[in-house]
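# Working through the structure, step by step
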Amino acid sequence: MRKTLEAIGVVLLALLAGITWDALHGPNPLPQRIPTHFNAMGEPNAWGSPSTLWLLPAVAAFVFLLISLVSLFPASFNFPVRSTSANRSRLVALTIRMMAWVKVELVCLFLYIQWSIIQSVRGGRAALSPVIVPIFLVAVFATIAVHGVAVFRAARVASGVK
């Protein structure tokens, strides 16, 4: 499952870079002034150059690589439960899977924001859905919570407590 999530994340990063490249250099380039920031209601409150669209793929790639790098060092993980030789491998597996899910969710968020910005500019109506960021935040925190519960259960099962 983790390898599949990693592959999906890489594909999403490539798609994010691809739609950005197409928006800037494709057959239908964006105008010289685009919305670069949106308020809580999804209305643009800052404008700038289309080249600022590269910021989202850069941040997404940085976060993706940073989380990937951290996941390479499971010996440094801190768990909210006691780590023993009986439960360590399960705790590590759950944590790495959680990190893979969070990476994919964050790249999906950046991809949606980028796509929305591009589509709103091309459609002549600069706006971003005000509910999408809270939905993605709920998804990320739900992923963390579900995996947190699984970590506590794994620790209990390994210790023999029911």
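All values reported here derive from a predicted model rather than from experimental measurement. Think of each chain on its own: its residues are numbered from 1, step by step along the sequence as written. Predicted model: local features are reported for residues with pLDDT of at least 70 only, side-chain atom pairs are reported and counted for 80 or more only, and whole-chain, interface and lining totals are derived from all residues. Just so you know, side-chain values use all the structure's heavy atoms and leave hydrogens and water out.

## Here's the deal with the confidence of the model for the protein chain
When pLDDT is averaged along the protein chain, the result is 89; 96% of the residues meet or exceed 70. Confidence of the predictor at the level of single residues is given by pLDDT, which spans 0 to 100. The way it works is that DSSP assigns letters per residue, a run of H or I at least four long becomes a helix, a run of E at least two long becomes a strand, and they are numbered from the N terminus. Taken element by element, the predicted model of the protein chain shows its lowest mean pLDDT in strand 1 (residues 34–38) (86) and its highest in helix 2 (residues 55–71) (95).

## Overview of the packing of aromatic side chains
Any pair of Phe, Tyr and Trp rings, taking the six-membered ring for Trp, is counted once the centres come within 6.5 Å. Such a pair is stacked with planes under 30 degrees apart, edge-to-face with planes over 60 apart, and tilted for the rest. Evaluation of the coordinates by the stated rule reveals two aromatic pairs. A centroid spacing of 6.2 Å and a plane angle of 80 degrees characterise the contact between Phe-77 and Phe-79, whose relative ring orientation is edge-to-face. Each member of the pair Phe-77 and Phe-79 is classed as buried. Seen in terms of ring centroids, Tyr-112 and Trp-115 are 6.3 Å apart; in terms of plane orientation they differ by 40 degrees. Their pairing is tilted. Of the two residues, Tyr-112 and Trp-115 are both situated in helix 3 (residues 88–123); the distance of three residues between them amounts to about one turn of the helix. Think of it in three bands: residues with accessible area under 20% of the maximum for their type are buried, residues over 50% are exposed, and the middle band is partly exposed, with areas taken using a 1.4 Å probe on protein chains only. Look at Tyr-112 and you get partly exposed, because its relative accessible area is 25%.

## Considerations on the packing of helix 1 (residues 2–25) against helix 2
Think of each axis as a best-fit line through the C-alpha atoms, taken over the contacting stretch in the case of a helix, with angles from 0 to 180 degrees between the N-to-C directions. Viewed as axis vectors pointing N to C, helix 1 and helix 2 meet at an angle of 165 degrees, and their least axial separation amounts to 9 Å. As the angle between them shows, helix 1 and helix 2 are arranged roughly antiparallel. As for how helix 1 packs across helix 2, the hand of that crossing is left-handed. Contacts from Glu-6, Gly-9, Val-10, Leu-13, Leu-16 and Thr-20 of helix 1 reach helix 2 at Leu-56, Pro-57, Ala-60, Ala-61, Phe-64 and Ser-68. Note that the term roughly parallel is reserved for angles under 35 degrees, roughly antiparallel for angles over 145, roughly perpendicular for angles of 65 to 115, and oblique for everything else. Crossing handedness: left-handed means the near helix sits turned counterclockwise from the far one by under a right angle, and right-handed means the same turn made clockwise. Residue contacts are counted whenever heavy atoms from the two residues lie within 4.5 Å of one another.

## Regarding the pattern of salt bridges
Once the charged atoms of two side chains with opposite charge are near each other, the side chains can pair. Throughout this description, the term salt bridge denotes a Lys or Arg side-chain nitrogen within 4 Å of a carboxyl oxygen of Asp or Glu. For the coordinates displayed, the defined rule picks out one salt bridge. Between Lys-103 and Glu-6 there is a salt bridge; the shortest N-O distance is 2.7 Å. Pair noted here: Lys-103 is in helix 3 and Glu-6 is in helix 1, with a separation of 97 residues, a long-range link.

## Section: the packing of helix 2 against helix 3
Two elements in contact, helix 2 and helix 3, have axes whose closest approach is 10 Å; the angle formed by their N-to-C orientations is 180 degrees. If you check the angle between helix 2 and helix 3, you find them roughly antiparallel. Contact residues: Leu-56, Pro-57, Val-59, Ala-60, Val-63, Phe-64, Ile-67, Ser-68, Val-70 and Ser-71 in helix 2; Ile-96, Met-99, Val-102, Lys-103, Leu-106, Val-107, Phe-110, Ile-113 and Gln-114 in helix 3. Three classes are used: nonpolar for Ala, Val, Leu, Ile, Met, Phe, Trp, Tyr, Cys and Pro, charged for Asp, Glu, Lys and Arg, and polar for all others, with Gly counted as polar. Residues of the contact of helix 2 with helix 3, tallied by class, amount to 15 nonpolar, three polar and one charged.

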